Structure formats: structure tokens, C-alpha cells
Amino acid sequence: MSLFEHLSIAFDSIRNSPVRTFLTTLGVLIGVFAVILLVGLGDAVQTYVLDTFAGVGSNLLQVHAGRQETRGFQPSSGNSRNKLSLRDYEALDKRGLLLDGVSPVVLGSSELRLGDLRRNVVVFGVGPRYLELRNLAIGRGRFLEPEDLDGRRRVVVIGETIVGELFGDDKSPLGATVYLGSTPYRVVGVTQKKGKTFGFDMDDLALIPATSAQDLFDIETITHLLARAKDKNTVEPAIEEVGELLADRRGGTIDFTIYSQDDMMEMVNRIMGTLKFFLGAIASISLLVGGIGIMNIMLVSVKERTREIGVRRAVGARWRDILLQFLVEAVVVSVLGGLAGVALGAVVIRIVAHFQPDLPVGLSLENVVMALGFSAAVGIAAGVVPAMRAADLDPVEALRYE
Amino acid sequence: MSETPVIALSGVSRVYELGAERIQALRSVDLVVQKGELLAIIGPSGSGKSTLMNVIGALDTPSGGSYQIDGQAVSGLSDDQLAQVRNQKIGFVFQSFNLLPRQSALDNVALPLRYAGYSRAERRAKSERALRRVDLGDRLGHTPEQLSGGQKQRVAIARALVTEPAILLADEPTGALDQATGKEIIELFLRLNREEGVTVVLVTHDPQVAARTRRVVTLVDGRVVEDGPPKGGS
Ligand SMILES: Nc1ncnc2c1ncn2[C@@H]1O[C@H](COP(=O)(O)OP(=O)(O)OP(=O)(O)O)[C@@H](O)[C@H]1O
Ligand SMILES: [Mg+2]
């Protein structure tokens, strides 16, 4: 009997009990759905995050106040008494031989006003090197200069999103006066369009001198320090150098933590690894449960169809004809569940792609084939025992079965 | 010399072992059935009639003795070969019809042909012809639940006939039918035997049915106690 014949018998049986088939396939459906999401979304998110990190700038170090015992990125709560100051920035800027640029960062938010137009903006108080450290560029006008920092000048560089909202397309923002809080600032430059990074619109921020930001927020400290090592190989030595320079200034006390980009990438990889592990676990458990479900239903089905098996044997079915009949049915049921899972996964991926156009999500043929392969394997594994039981039935006993 | 018998059993026994208990369902049965014969097997309940039919039908393996079908020795055949014998040489008709539910009469009749490897078109043609032989040419698409008991048994007979087997085995084929319908089914067997020369072995409890055949084999306690033309009757 050809495989086609077995398939046709399997489809007959499935047609006879569509609801049962659907319930049987549910586990496999969910499992394959999880597999599709796992490979379709997990990889996409990881790729996206790592690409974004690369886009933020390379070989970057961040110094935060507060001591962190374990390495790895975990923004400190900042409860330490010793804060970072602009003196620390100056020390690194002057004496950091392995550093290729340092910038203080003073973070805050403030109301930005132009005439009657008001909106809240994220304010970055930074140094002149900040733009290049972050792989940003100036589009119009100029960026902040050392004199702006030294002179605590009220100048601001804004992003295109703010420009669009406050000035429209035709008015030039350069030279205009805007208010941050109650202080007038002169717009000296506009950054080049960058788009979103980690969901944050890089064109929706106001960059002012770190000194002016301290005045604006009425603080003497800085939020963190951003520095760049000369190249990939000097990241580790640069961390040491920064550590020594800062410790020197504190008489040996280490009350700060240095993170490298590698630490952050490692963290991302770790989070993604965990996420993938859980998705993978859900997928495996669902497939396992799905397989057990199929096996149970098939065992019941073999019991119910004992007489049918006897009749088939009586009219000439061989041992392997019966075996294949039930095995093929298990595989078909499982693969149908797999197809439904793929379809559901494709829909969800479509939806995600619609709302997160930046995420490189997708459903590759390879993944579909893999998912269907999984379901076929589950079907075989789940079908073997019931199929053997069916094929091993004694024809006479089977025919006498009530 | 006469031609090769369809069925030739000699000294066939069948023993069931239930723990320490040994049940002798068949004891040294000798039975020869020639082509074109119509014979009835009768005997009290538990005398081994069904067991004998299962042995003849190559569904059950005897514990001893030898058995040939169409000149071919059955003992020693592999499981696959037995399946082939059942497929090609035997047509089974059961008391309880044993049709596949939800499948049309045509598909039910075509079942043995599937295992024989016929194409769809051949299966359809042969099954239609078989259904016409049992006067059901107009019920091809009906499922068992849309058929009466007598019609179901006709479908089952068509299924048994469709492979043109050497012998038709019917174990109490009227047992689940009312008297009138049972009579019709018996008439069908008689007609198939008379007009088409189909060899038939029929198990029955009904002396009137046995009387209509030309040979009656009586089993008692697993033994053939009589083998000859029907006696008396009506
Ligand atoms: N699978 C089995 N295991 C044990 N004993 C069995 C088995 N099948 C049949 N027997 C025994 O073999 C004997 C013959 O049984 P069989 O079914 O052939 O009788 P029968 O003549 O067909 O009876 P009935 O007219 O009631 O159908 C009985 O004693 C029965 O109990
Ligand atoms: Mg019986």
C-alpha cells in the first residue's frame, strides 16, 4: 500500500472527527507557535539591540557614582555620598592618555518654550566631544564648544523633532531664543536626524553645556561620565587608567563604577539568552505536552477502532499497513497542528512588524520547515506506541472486541 | 482425478491455554471443500464453529495438523503472506457486518482492493460491480447508518466478493437480522453459489437454512461428528 493511500486513510479519519483533531493538535500548535516566535522574534530583538549598541558609538566607557561589587551592567541607584563632578571630567580629559574623548553627562528634563509653544524635553548637559562619542552629527549650525562649557553659556543644540514641532519647516531655528524653564537659551545648532535608539527618539533632545545644565537643575554633580577608548584593544587598559585617575582624586577610595560597552552587550546577550531559554522551554514543554496529548488520543482511538483494525486485517491488511495507518495519522495530525502554529506565528510576527517597524522580524522558509519538521518528529514519537499496539492486535481478538 | 480442493484440513486442532486450563476448541478436524460447494457448519454453542472458520480464513493459526488452501500450504506462512492469503483467497462475512462507519458502501466494498494495491479507478469499477451483484447498485454512496440491516449485510457480502476469492466464509450471517431479511440473505448466498459457482461455507444455527444446502458438517465439542447431505428438514 502506498504512502499516498495511508495519507488518504488518515485524512478520512481526521475528516470524521474534526473537533477531536483540533483539540489533539492544540499542544503542538502552541509549541510550534512558540518556536516560530522564538526564532522569529528572539533573534530579531537581539540583532536589533546589538546593532543599536554599535550605532551608539564604539569602545565606550561609562562611569557612574557608587560602587558596584560585581561587574556587569546594572545602573547603580546613586545612593553614594560621593558624587561625580566636573573636576573628575577635567582630570580624565587632561590626563587620560588612553582615552579618545571624554564628556560629562548631566541628565534632566525641562519645559522648552518658544513664544506660546511649550513642550517637555529631555535635556542632556554635555561636553564638546559628546556628539562624536555618541556617533551623532551636527546638521545645521554648530555643536557646543569648550568656551560654551567654560562660560556656562546659555546655548542649546536641538534635534529635528523639536525643530519640526516648534519652528515648522520654513522658519530657521538657528539664532532663535527658546526658554528652558525660565532661562533664555540661544539655538546654535541642530543635530542630524538619527531616529530612534532603544525606542528613544534621538531627535527629541536638547543638548546644552554640562555647566549650564548644573545651573538649570541646581546641582553640583554630574549624572555620569562618558569616555571612549582609543580602540578595541585599549578598552581594558583604559578602564584601569580611568579607575586609577579617579581613585587618585579620592585618596584611593573607589566609590564609582566603570562599565564598558562589552559589559552592556554582555548584559543584553544574557537577557536575551534568558528570554530565549524561556521561550525555548515553553516551546519544548508545549511540544512534549502536545506529543503526549496526541499519544493519548491515538491510544484511545486504537481502542475504539479495535474492530476496524480486525476488519482491515481480515480483508488483507498487513502488520505494517496497520502500523503505518496510525503512525501516518499521528504525523498528519501533528503536522496540521504545526501548520496552524506557523500560521498563528506568522500573524503575530506581522502584527509585531507593523507596530515595531525597526525590528527585523520575519518568518523564513527555513524556520517554517524546521517547525514542521519538529511537529512531524513529535507525531512520529507520539504515534509509535499506539501504532505498534494497533498493529500487534490479534485479528481474531480484534474482531471479537465489543 | 478431481481438481485441487479449495480447502483441505487434516487433523487440525486448536488449543487455547488459559493459565493451567487447556481448552480444546478443535480436535483433529478433517475437512475437504471442493470448488463450487455450498456447505453448512452446525453445532451447539461453543462447539468450535467460529474457531474453525477463523482457521479456514487464515485469521487464526491451528495448534496442529495441516491446512492447504487452493493447494497452498498455509502453516508456516509469514504474517505478511497470511495477510495476502486473506486478501486474495478469502471473503469473510460476519454476523455483525463489521462495516467501517462513516464510509460509503462503495468505500467499504473497496477496502480489500486498497490492500491489494488497485488504483482508484479499478477499485471503483470492481466495487460497483460487486455491489450490483448483491442488488445494491443504487446505494453506492450510502453510509452504513443510512442502510438497513439486510442492506448492510449485502454490502459486507459485496466486500467479501470483490476480490473474487476462492471461498466465501460466513459466520452466522443472519444472526443479527430478522427472519425475513435473514432468509433474503440466505437466498443471496444460494444464488451466488448456484449462478456464479461461488464456493460458500456457512455457519448457522438454523436447521432450515442447513436443510437448503447440499452438505452439512456437524461439530460437537471441537470434533466433526457428521459430514453429509442434510437429513430430513422441511
Ligand atoms: N480466545 C479464546 N480464548 C480461550 N478460549 C476460547 C477463545 N475463543 C474461543 N474459545 C473457546 O473455544 C471454544 C469454541 O469457541 P467458538 O467461538 O469457536 O464456538 P462457536 O461454536 O462459534 O460458538 P457460538 O455458536 O456460540 O458462536 C469455546 O469453548 C470457547 O470458549
Ligand atoms: Mg461462533
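Fair warning: this is a prediction, and the values are worked out from it, not measured in the lab.

**Student:** Could you clarify how one ought to interpret the overall build of chain B in this entry?
**Tutor:** Secondary structure assignment for chain B yields seven helices and ten strands. Taken over C-alpha atoms, the radius of gyration comes to 18 Å for chain B, in line with the 17 Å a tight globule of 234 residues would show. Here the C-alpha coordinates of chain B stretch approximately 50 × 45 × 45 Å along the principal axes. In chain B, which comprises 234 residues, the proportion classed as buried is 53%. The long-range share in chain B, meaning contacts at least 24 apart out of those at least 6 apart in sequence, stands at 69%. With the model as given, the accessible surface of chain B reaches about 10,400 Å², and the carbon-plus-sulfur share is 46%.

**Student:** How should the nonpolar core be read in this particular structure?
**Tutor:** Proteins that are soluble and globular tend to have nonpolar side chains buried together. In this structure, I7(B), L9(B), I41(B) and L52(B) are the most contacted members of the largest nonpolar core, which totals 87 residues. In terms of residues, this core owes the most to one element, helix α2 (residues 18-56) of chain A, which gives twelve residues. For L52(B), the contacting residues outside a window of four places in its chain are L9(B), L26(B), V29(B), L31(B), I41(B) and L219(B). Counting 43 residues, the second-largest nonpolar core is a separate cluster that includes L86(A), I158(A), L180(A) and L245(A).

**Student:** Just to check I follow, could you spell out the site of ligand 1 for this structure?
**Tutor:** The local shell around ligand 1 holds 16 residues, among which S45(B), G46(B), K49(B), S50(B) and T51(B) are the closest. What surrounds ligand 1 is not a single chain but chains A and B. In the environment of ligand 1, an oxygen atom lies 2.5 Å from a nitrogen or oxygen atom belonging to the side chain of S45(B). Here an oxygen atom of ligand 1 and a side-chain polar atom of T51(B) are 2.5 Å apart. Summarising the interface, the protein chains cover 73% of the accessible area of ligand 1, which totals 630 Å² for the free molecule. Counting residues per element, the ones that place at least two in the shell around ligand 1 are α13 (395-400) of chain A together with β1 (7-18), β2 (21-33) and α1 (49-56) of chain B.

**Student:** Please explain the side chain of T51(B) as it appears in this structure.
**Tutor:** Within the secondary structure, T51(B) sits in helix α1. Accessibility expressed as a relative area gives 10% for T51(B), which makes it buried.

**Student:** How do you make sense of the interface of chain B and chain A when you look at a structure like this?
**Tutor:** Think of interface size as the accessible area that goes away when the parts come together; that is how it is often given. Contacts between the two partners involve 21 residues from chain B and, on the opposite side, 23 residues from chain A. Three residues stand out in chain B for area buried against chain A, namely L59(B), R114(B) and Y115(B), and they jointly supply 32% of the buried area on that side. Inspection of the chain B/chain A interface yields four salt bridges. Here D80(B) and R320(A) are joined by a salt bridge, their closest N and O atoms 3.1 Å apart. Here chain B and chain A share ten residue pairs in polar contact (both at pLDDT 80 or more) between them. Of all the secondary-structure elements, those providing two or more residues to the side of chain B that touches chain A are α2 (79-89) and α3 (105-116) of chain B. Among the elements that make up the side of chain B that touches chain A, the one with the highest residue count is α2(B) (five residues).

**Student:** Honestly, the side chain of Q151(B) in this entry has me stumped. Any pointers?
**Tutor:** All names here are of chain B. Checked against the element boundaries, Q151 lands in helix α5 (residues 149-161). By relative accessible area, Q151 is classed as buried at 18%. A distance of 2.9 Å separates a polar side-chain atom of Q151 from the backbone nitrogen of S148.

**Student:** How do you make sense of the pattern of salt bridges when you look at a structure like this?
**Tutor:** Close approach of charged atoms lets side chains of opposite charge pair. Tallied over the entire structure, the rule returns 44 salt bridges over all chains. With a closest N to O distance of 3.1 Å, D148(A) and R153(A) form a salt bridge. Since its relative accessible area comes to 0%, D148(A) is described here as buried. When its relative accessible area of 39% is taken as the criterion, R153(A) is described as partly exposed. Here E308(A) and R305(A) are joined by a salt bridge, their closest N and O atoms 3.3 Å apart. Neither residue differs from the other here; E308(A) and R305(A) are each classed as buried. Here the residues in one salt-bridge network are D135(B), R154(B), E184(B), R191(B), R194(B) and E195(B), joined through shared partners.

**Student:** How should the domain arrangement of chain A be read in this particular structure?
**Tutor:** Structurally, chain A comprises domain 1 (3-53 + 266-400) and domain 2 (82-254). On a C-alpha basis, the centroid separation for the pair domain 1 of chain A and domain 2 of chain A is 54 Å.

**Student:** What's the story with the pairing of strand β9 (residues 215-220) of chain B in this structure? I'm lost.
**Tutor:** One face of the sheet, then the other: side chains in a regular strand alternate in exactly this way. Residue and element names in this part refer to chain B. In terms of residue burial, β9 counts as a mostly covered element, since five of its six residues are buried. Bridge count between strand β3 (residues 38-42) and β9: four bridges; the pairing is parallel. Across the sheet, residue L39 finds its bridge partner in β9, namely R215. One ladder, built from five bridges, connects β9 with strand β10 (residues 223-228); its direction is antiparallel. For V216, the partnering residue across the bridge sits in β10 and is G228. Count of turn residues in the β9/β10 antiparallel hairpin: two residues, of which D221 carries a positive phi of about 55°.

**Student:** How should the sheet that holds strand β4 (residues 64-69) of chain B be read in this particular structure?
**Tutor:** Within a beta sheet, neighbouring strands are joined by backbone hydrogen bonds and run either parallel or antiparallel to one another. Residue and element names in this part refer to chain B. Strand order in the open sheet formed by four strands is β2-β1-β4-β5, with antiparallel pairing between adjacent strands. Looking along the sheet, the strands with just one partner apiece sit at the ends: β2 and β5 (72-73). Two elements, β4 and β5, share two bridges in a ladder whose sense is antiparallel. When the bridges of β5 are listed, Q68 appears paired with A73.

Cut-off values and rules
Residues numbered from 1 in each chain as written. Chains lettered and ligands numbered in written order. Predicted model: local features only at pLDDT ≥ 70, side-chain atom pairs only at ≥ 80, totals over all residues. Heavy atoms only, no water. Helix = DSSP H or I, 4+ residues; strand = E, 2+ residues; numbered from the N terminus. Rg over C-alpha atoms; globule rule 2.2 N^0.38 Å. Buried < 20%, exposed > 50% of the residue type's maximum accessible area, 1.4 Å probe, protein only. Contact = heavy atoms within 4.5 Å. Areas by Shrake-Rupley, 256 points an atom, 1.4 Å probe, with all protein chains shown as cover. Core = buried A, V, L, I, M, F, W, Y, C linked by side-chain atoms within 4.5 Å. Near = heavy atom within 4 Å. Polar contact = N/O pair within 3.5 Å; in protein donor to acceptor, adjacent residues only side chain to side chain. Buried area = accessible area lost by both parts, 1.4 Å probe. Salt bridge = Lys/Arg side-chain N within 4 Å of Asp/Glu carboxyl O. Domains from an automatic or database assignment. Pairing = 2+ DSSP bridges.

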